[in-house]
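# Chains, contacts and geometry: an overview
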Amino acid sequence: MDSVLIVSNTPTTLEIISDMLNSQMFSRIATIQNGAEARRDIMNSEYDLIIIDTPLPDELGDDLALHAAEATSAGIILIVNSDILLEVSANVEDEGVFVLPKPVAPEFFYQAAKLLTASRRRVMMLEDENKKLQQKISEIRLVDRAKCILIQYLNMTEAQAHRYIEKQAMDRRQSRVVTAQDILKTYEN
C-alpha cells in the first residue's frame, strides 16, 4: 500500500531508515544513492513517500526535493544538517517539502512519515472527488447541449427537451449521456 523511495549516499543511513520503515508496515521500499538516478526513478515509478538524506554525492538534495514535489504527489521528507536547516527550509517548504534536522529521533521521523502518508491519502481522496465532479459537470454540459439542439431543431421547450432525453434514455435503457450523444450525432452532422 505505502511505497517509499529513500535517497541517501550512505549505505548505513539507507539501512537504518529502511529498518525504521519496514517495522512500521510500509510495503515497498526502494533505495537509491544519488540524485540523478533518483530523478530517473521518480519519472518511472510512483511513490507515496520520498525521503532524501542530504548531502548526496552529485548534489545537495534540495533541488531533487523540489523536482519530486513538482513531478509527483508524494510526501517528501528532506533530512539536512542542523546548521543549514533554516536556509533549506525557506527554500523548499512552500512546495510542501517537510525538512528534518540531523540527527533525527526515530519517533519523530516515524511521526513525520505517517503524517505525510496520511496527508497524501487525504489529497488523493480530494483529487478523486474533484475528478468525479468534473466528469459530472462534463455530463451535464453534454446533456444541456443536446437539449439546446432539440430546442433549436424541434422547437421544444426546455422542459420538453428534458423530458424527451429522460424518456429516450429510459426506453433505450441507456444513460442520459449516451442519449445526449446520440442526439448530438444526429443533429450536428
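Now for a look at the structure at hand.

What counts and how
- Residues numbered from 1 in each chain as written.
- Predicted model: local features only at pLDDT ≥ 70, side-chain atom pairs only at ≥ 80, totals over all residues.
- Heavy atoms only, no water.
- Helix = DSSP H or I, 4+ residues; strand = E, 2+ residues; numbered from the N terminus.
- Buried < 20%, exposed > 50% of the residue type's maximum accessible area, 1.4 Å probe, protein only.
- Contact = heavy atoms within 4.5 Å.
- Areas by Shrake-Rupley, 256 points an atom, 1.4 Å probe, with all protein chains shown as cover.
- Lys, Arg positive; Asp, Glu negative; His and termini not counted.
- Charge placed at Lys NZ, Arg CZ, Asp CG, Glu CD.
- Core = buried A, V, L, I, M, F, W, Y, C linked by side-chain atoms within 4.5 Å.
- Pairing = 2+ DSSP bridges.
- Axes fitted to C-alpha atoms, helices over the stretch in contact; angles between N-to-C directions.
- Expected span 1.5 Å × (residues − 1).
- Salt bridge = Lys/Arg side-chain N within 4 Å of Asp/Glu carboxyl O.

Per the secondary structure count, the chain includes seven helices and five strands. Ordered by position in the sequence, the α and β elements of the chain form the string β-α-β-α-β-α-β-α-β-α-α-α. Over its C-alpha atoms, taken along the principal directions, the chain stretches across nearly 75 × 30 × 25 Å. Across the 189 residues that make up the chain, the buried fraction comes to 38%. Of all intrachain contacts in the chain linking residues separated by at least 6 positions in sequence, the fraction that spans at least 24 positions is 58%. Surface accessibility of the chain: about 11,300 Å² in total, with carbon and sulfur atoms responsible for 51%. Mean positive and mean negative side-chain charge positions of the chain (20 and 29 charges, respectively) differ by 16 Å.

Our focus in this paragraph is the nonpolar core. Counting residues in hydrophobic clusters, the biggest one holds 23 residues, and the most contacted among them are L5, I50, I52, I76, L78 and V97. Among the secondary structure elements, those contributing two or more residues to this core are β1 (3-7), β2 (28-32), α2 (35-44), β3 (49-53), α3 (62-71), β4 (75-80), α4 (85-92) and β5 (97-101). If you tally residues by element for this core, the top one is α3, at four residues. Counting 15 residues, the second largest nonpolar core, distinct from the first, contains V4, F26, I77 and L100.

Here we come to the sheet that holds β4. Adjacent strands of a sheet pair through backbone hydrogen bonds, lying either parallel or antiparallel. Strand order in the open sheet formed by five strands is β2-β1-β3-β4-β5, with parallel pairing between adjacent strands. The open sheet has two free edges, formed respectively by β2 and β5, since each of these has just one partner strand. Taking each pair of neighbouring strands and ignoring which way they run, the sheet shows an average axis angle of 20°. Relative to β5, β4 is paired through five bridges, and the arrangement is parallel. The residue bridging I79 from the neighbouring strand is L100, located in β5. Lying on the sheet, α4 is in contact with β4 and β5; it crosses β5 at an angle near 175°.

Attention now goes to helix α6 (residues 158-172). With 15 residues, α6 extends 21 Å between its outermost C-alpha atoms, agreeing within 8% with the 21 Å of an ideal straight helix rising 1.5 Å per residue. Elements in contact with the buried residues of α6: α5 (106-154) and α7 (176-188). Following α6 by one or two positions, R173 has its phi on the positive side, about 55°.

Before going further, it helps to spend a moment on the pattern of salt bridges. If charged atoms from side chains of opposite charge come close, those side chains can pair. Under the definition given, this model contains ten salt bridges. Across the pair R39 and E59 runs a salt bridge whose closest N-O atoms are separated by 2.5 Å. Within this pair, whereas R39 is found in helix α2, its partner E59 is found in the loop between β3 and α3, the two being separated by 20 residues in sequence. For R39, a relative accessible area of 26% puts it in the partly exposed group. Residue E59 is classed as buried on the basis of its relative accessible area, which comes to 18%. Salt-bridge contacts for K147 lead to D144; the nearest nitrogen and oxygen are separated by 3.8 Å. Taken together, the residues K147 and D144, both in helix α5 and three residues apart, mark about one turn of the helix. According to the relative accessible area criterion, D144 is partly exposed, its value standing at 34%.

Scope: geometric values only; no functional claims are made or implied.
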